[in-house]
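The residues making up each chain are set out below.
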Amino acid sequence: MSSTLAPFSQLRLDSQWAILEADEAFERVTGLSSAEVIGRPLDALISRRDRKGAVELDKQRASDRPGLIDVTVQLTGGGDNVLARVRAAKVADGDGWTAWIENLLADAHDSMQKLNAEVEWCRNVVSRSDEGIVVLTPDNAVAEINQSAMDLLAFRSAEGVLLSQEVVVGSDFFERLPTERFEAFADGAKKAAKKKKLRLVEDIEHEGKDLQVRLTPLHLPVRGHVGCAISIRDVSVQREIERMSDQLRVKNEDIAVILSNLDLGILTVEGGGTVHPEFSDRLPDLLGKSEIAGKEVTSLLFTHSDVGADDLARLETAIELTLGESVFGFELNRSCFPTRFSIATTGERRELEADWAPIESEDGTVHRLLVVLRDVTELNRLRSAAEAQGRELAMIGELVAMPSDAFDEYARACHAGLADTLAMAQGKPIDPVVLARTVHTLKGNARAWGLKAICDAIHHLEDVLLGDGRDDTELAERTRNTERILVSYETLAREKLNRGGGQSNVSATEQQLLREVFDLASERPEALPAEVRRLATAAAFLPALPRLQAIGAKLCAHAQREGKERPKFFFPSTVLVHRQRVDQLHGAFVHLLTNAIDHGLETAAEREAAGKEPRGLIRAEVAQTDETLELTLADDGRGIAVARLKEKAGRDVLTAKDVEQLIFDPGMSTAERVTQSSGRGMGLAAVRSEFADMGATISIRFDGFDPQAEFCPFEFVISLPLACVRLDDVGAHDQQAA
């Protein structure tokens, strides 16, 4: 191709607009050597800033006038942007293009042509820039403004209506904008004529946006100062990012301070079950380990812990099923994450509590697991001490509510019964039926007096004693545990309440003489002089009413625990009981009254449905003959569950005599479940045994027995020898309610 001195260069392009040849003027026109552009597409020479020029070129190439191109673009050449006019035509009968490139800013023939080129260049830059650009004349009139500036500045009329570009061009720029915000730029525009290097940059909040505004003087080679240029960028997103970054930095600093000062071990578990490098300063000391980051969490926390191998395997599976999955996976496996465990550290064992929580990612899956560890060793020690003190206070309260002599009598009987139980566990020949009755009576008495810890311990002992395939080792251990609890009660009674302890100011000889006098008063009162007989009787026999009222008061609370109203009790006030029989009668009546509440009395709703008062009634009446005292005990409940008894006995029909025999048989109970108070079938068997030891009898009497009825009302009839009980001289029929 031939070269010319014209201000343009001729090129030959292929069908894809790659440069095949360039003449010698190409370098002068574009600032690029022809050698370095051969083979390159002409589009690659267009400045990246001139996206609109590139779009216009593509538009013309795809237009309805194929083969004719005329477009103004910015080229990158010699380090400067070159404003060039590109004209091209398809080669006739060929597969390529011939193009001419003219530099509109170079080699102008005269000043006017150069000025026009500069203006054209200015217009191209303004219209195609992504920034908002405004060109002002020396008197601050808008010479050029692109759409970006119109959008960002949103010029409005006095009525608040958005103005068009045609209205804004030619008007005073600063009159259209809030004076207080753009005041500095108005002053800068005045100084622009004198200072070529003036540069003013400020951030302005305008129309709800953060704008960065730059003002620079505008000088052209021909005309010199022609005003100033203002560029505007919307930096709202950038400023928001900066604000969020500042907030995040502050939060990170706060978190770092918290992690370094919290007395907690905090770590996060990431993919693969490993520990993230960020963790609290307290964690190494808490675990007694310095290497933490990147360690497998189960080995880090539980290698020297009391967490078993099976639980560790479940934990590892739970972590695997949680990380990278939805939060539901964590909730489903929450029980697999240990929350309390102990670890062995240097020289000590620590008890830890752990909280596990999922950390969600934006897609709702678990990104990490947060683990917070607390050292609760001292807290648990204090808690245990407080619980022990609380138990001690509860035991003292139980002892205070119980007569001192009654506890001493119960403790002696309990020691004896436990000694027999331990002897059986050690292989000595002890009658199991008698022992079972004794233990059941001890439990009933403990419950009646409110000795909860002893009652619970004997109940657990009874589970082994009456269970199938008795384990004598376990029986011995539970017996010793009950003995320890009993001794604790005795110690508290002695040391805290100054009671009991086995101390007495009466010598053994004197005690023996007193026992002989008491025996005479009960068995052969005629052998004593009248005055001695009266005094001996008063000393040998105790009123039964206080004991019966105490039992009733305790059983009222028991009734409420069973979901029933507190029953009303009516006891005879004139019954006297021999000192040596107090414990036996106490235990027997605990069983009988508890039986009335558990089996006889209904709930308030059931009683009201049957037309009864919500509160049940338990009544004892007494009558004395020449040789015995007959006591009847009855409640106004529904009676014996005959239908249930037939089912348990496997019979279709039962007579009244059959029912009486069955309810006193060991192991027979109409209760549907075993509780601390009933269900083993030992209560009434033990009661009959206690009465037999005293030479007394107990039977039942029906108020019209119906073998087809589901329940049959009845009363207990107890015949007691006068050597054990008798009436005082006040009368035989006085009663008091409890």
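See the structure printed just above.
Quick caveat: nothing in here was measured; it's all calculated off a predicted structure. (Residues numbered from 1 in each chain as written. Predicted model: local features only at pLDDT ≥ 70, side-chain atom pairs only at ≥ 80, totals over all residues. Heavy atoms only, no water.)

Engineer: Would you explain the overall build of the protein chain in this entry?
Structural biologist: Check the secondary structure of the protein chain and you find 24 helices and 26 strands. Put simply, the protein chain has 738 residues, and 42% of those count as buried. Across the protein chain, contacts joining residues at least 24 apart in sequence account for 56% of those joining residues at least 6 apart. Counting only carbon and sulfur atoms, one obtains 50% of the accessible surface of the protein chain, whose full area is about 38,600 Å². (Helix = DSSP H or I, 4+ residues; strand = E, 2+ residues; numbered from the N terminus. Buried < 20%, exposed > 50% of the residue type's maximum accessible area, 1.4 Å probe, protein only. Contact = heavy atoms within 4.5 Å. Areas by Shrake-Rupley, 256 points an atom, 1.4 Å probe, with all protein chains shown as cover.)

Engineer: Teacher, can you tell me more about helix α15 (residues 452-465) here?
Structural biologist: Each turn of an α-helix holds 3.6 residues, which means side chains three or four residues apart point in the same direction. Its 14 residues place the ends of α15 20 Å apart at the C-alpha level, agreeing with the 20 Å of an ideal helix rising 1.5 Å per residue. Every buried residue of α15 is listed here: Ile 454, Cys 455, Asp 456, Ala 457, Ile 458, His 459, Leu 461, Glu 462, Val 464 and Leu 465. Its buried side turned inward, α15 meets α13 (404-425), α14 (432-448) and α16 (472-495). (Expected span 1.5 Å × (residues − 1).)

Engineer: Whenever I open this one, the pairing of strand β5 (residues 96-103) confuses me. Can you help?
Structural biologist: Side-chain positions along a regular strand alternate between the two faces of the sheet. Counting buried residues along β5, seven of its eight residues qualify, which places the element largely inside the surrounding structure. Relative to β5, strand β1 (residues 8-14) runs antiparallel, the two being bridged by seven bridges. Paired with Leu 13 across the bridge in β5 is Trp 97. (Pairing = 2+ DSSP bridges.)

Engineer: What should I look at first to understand the sheet that holds strand β18 (residues 575-578) in this one?
Structural biologist: Within a sheet, each strand pairs with its neighbour through backbone hydrogen bonds, oriented either parallel or antiparallel. Read from one edge of the open sheet, three strands run β16-β18-β25, paired in antiparallel fashion. Across the chains shown, the open sheet's two edge strands, defined by having one partner strand only, are β16 (541-543) and β25 (725-727). In this sheet, adjacent strand axes meet at a mean angle of 35° when their direction is disregarded. Of the pairings in the sheet, the one linking β16 to β18 comprises three bridges and is antiparallel in character. When the bridges of β18 are listed, Phe 541 appears paired with His 578. (Axes fitted to C-alpha atoms, helices over the stretch in contact; angles between N-to-C directions.)

Engineer: Can you walk me through the packing of α14 against α15 in this structure?
Structural biologist: Geometrically, a packed helix pair is captured by the angle between its two axes and the distance between the axes. Contact pair α14 / α15: the axes reach a minimum separation of 8 Å and the direction vectors enclose 155°. In this view, α14 runs roughly antiparallel relative to α15, as classed from their interaxial angle. At the point where α14 passes α15, the crossing takes the left-handed sense. Side by side, α14 and α15 meet where Leu 435, Ala 436, Val 439, His 440, Leu 442, Lys 443, Ala 446 and Arg 447 of the first sit next to Ile 454, Cys 455, Ile 458, His 459, Leu 461, Glu 462 and Leu 465 of the second. (Parallel < 35°, antiparallel > 145°, perpendicular 65-115°, else oblique. Left-handed = near helix turned anticlockwise from the far one by under 90°.)

Engineer: How should the pattern of salt bridges be read in this particular structure?
Structural biologist: Close approach of charged atoms allows side chains with opposite charge to pair. Per the counting criterion, the structure on display carries 32 salt bridges. Between Glu 207 and Arg 156 there is a salt bridge whose closest N-O contact spans 3.3 Å. Of this pair, Glu 207 sits in the loop between β8 (200-206) and β9 (209-220) while Arg 156 sits in the loop between α4 (147-153) and α5 (165-168), and the two are 51 residues apart along the sequence. Note on Glu 207: relative accessible area 36%, which makes it partly exposed. The class for Arg 156 is partly exposed, based on a relative accessible area of 36%. (Salt bridge = Lys/Arg side-chain N within 4 Å of Asp/Glu carboxyl O.)

Engineer: Got a minute to help me understand the environment of Glu 627 in this structure?
Structural biologist: With respect to the element layout, Glu 627 can be found in the loop between β19 (617-624) and β20 (628-635). Given the relative accessible area of 65%, Glu 627 is considered exposed. It is 6.3 Å that separates the C-alpha atoms of Glu 627 and Pro 721, two residues lying 94 residues apart in sequence.

Engineer: Just to check I follow, could you spell out α13 for this structure?
Structural biologist: For α13, which comprises 22 residues, the first-to-last C-alpha distance of 31 Å matches the rise-based estimate of 32 Å (1.5 Å per residue) to within 8%. Those residues of α13 not exposed but buried are Ala 406, Phe 407, Glu 409, Tyr 410, Ala 411, Cys 414, Gly 417, Leu 418, Thr 421, Ala 423, Met 424 and Ala 425. Contacts made by the buried residues of α13 are with α12 (377-400), α14, α15, α16, α19 (545-561) and α20 (582-600). Within two residues after α13, Gly 427 carries a phi angle of roughly 95°, on the positive side.

Engineer: Looking at this structure, I do not really get the side chain of Glu 660. What am I missing?
Structural biologist: Assignment of secondary structure puts Glu 660 in helix α23 (residues 656-663). Among buried Asp, Glu, Lys and Arg side chains, Glu 660 stands out as unpaired, with Arg 688 the closest opposite charge at 4.2 Å. If sequence neighbours within four positions are ignored, Glu 660 has contacts with Arg 688, Ile 698, Ser 699 and Ile 700. (Lys, Arg positive; Asp, Glu negative; His and termini not counted.)

Engineer: Which parts of the structure should I look at to understand the packing of aromatic side chains?
Structural biologist: How two aromatic rings sit relative to each other is set out by the distance from centre to centre and by the angle between their planes. All told, the structure shown has 13 aromatic pairs when counted by the stated rule. Plain terms: the ring middles of Phe 337 and Trp 356 are 5.0 Å apart, the flat faces sit at 45° to each other, and that makes the pair tilted. Within this pair, whereas Phe 337 is found in the loop between α11 (327-332) and β13 (340-345), its partner Trp 356 is found in strand β14 (residues 348-360), the two being separated by 19 residues in sequence. When sorted by exposure, Phe 337 lands in the same class as Trp 356, which is buried. With a centroid separation of 6.4 Å and an interplanar angle of 55°, the aromatic rings of Phe 702 and Phe 714 are classed as tilted. Taken together, the residues Phe 702 in strand β22 (residues 697-702) and Phe 714 in strand β24 (residues 714-721) connect sequence positions twelve residues apart. The buried category is assigned to Phe 702, whose relative accessible area is 17%. (Phe/Tyr/Trp six-rings, centres within 6.5 Å; stacked < 30°, edge-to-face > 60°.)

Engineer: Just checking my understanding: could you explain the nonpolar core for this structure?
Structural biologist: Note that soluble globular proteins tend to have their nonpolar side chains buried in a common cluster. Ranked by internal contacts, the top residues of the largest apolar core, which has 54 residues, are Leu 592, Ile 640, Phe 691, Ile 700 and Phe 716. Of the residues forming this core, the biggest block, nine residues, is contributed by α20. In this structure, Ile 700 is in contact with Ile 640, Val 659, Glu 660, Ile 663, Phe 664, Phe 714, Glu 715 and Phe 716, ignoring residues within four places of it in sequence. Counting residues in hydrophobic clusters, the runner-up holds 32 residues, among them Met 402, Met 424, Ala 425 and Leu 461. (Core = buried A, V, L, I, M, F, W, Y, C linked by side-chain atoms within 4.5 Å.)

Engineer: Got a minute to help me understand the sheet that holds strand β12 (residues 274-275) in this structure?
Structural biologist: Strand order in the open sheet made by the five strands is β12-β11-β15-β14-β13, with antiparallel pairing throughout. Each edge of the open sheet carries a strand with a single partner, namely β12 and β13. Looking at chain direction, β14 and strand β15 (residues 366-375) are connected through nine bridges and run antiparallel. The partner of Ala 354 across the bridge, within β15, is Leu 373. Along the sheet face, α12 touches β13, β14 and β15 and points at about 115° away from the line of β14.

Engineer: Can you help me understand the environment of Ile 700 in this one?
Structural biologist: With respect to the helices and strands, Ile 700 occurs in strand β22. For Ile 700, a relative accessible area of 9% corresponds to the buried category. Residues Ile 700 and Ile 663, 37 residues apart in the sequence, show an inter-C-alpha distance of 9.7 Å.

Engineer: Even after reading the chapter, I still don't get empty space enclosed by the protein, so can you show me in this structure?
Structural biologist: Think of a ball as big as a water molecule: rolled over the atoms, this probe shows where empty space is left. One pass over the full model with this rule turns up three cavities of 30 Å³ or more. Taken as a whole, the largest cavity encloses approximately 50 Å³ of empty space. If you go around the largest cavity, the residues you meet are Leu 287, Lys 289, Leu 300, Leu 301, His 304, Ile 343, Ala 344 and Thr 345. No other element matches the three residues that β13 contributes to the lining of the largest cavity. Residue classes in the lining of the largest cavity are distributed as five nonpolar, two polar and one charged. (1 Å grid on protein atoms, 1.4 Å probe; cavity = no way out; pocket = protein on both sides within 12 Å on 5 of 7 lines; lining within 4 Å. Points joined across faces, edges and corners; volume = space filled by probe spheres on them. Nonpolar A, V, L, I, M, F, W, Y, C, P; charged D, E, K, R; others polar.)

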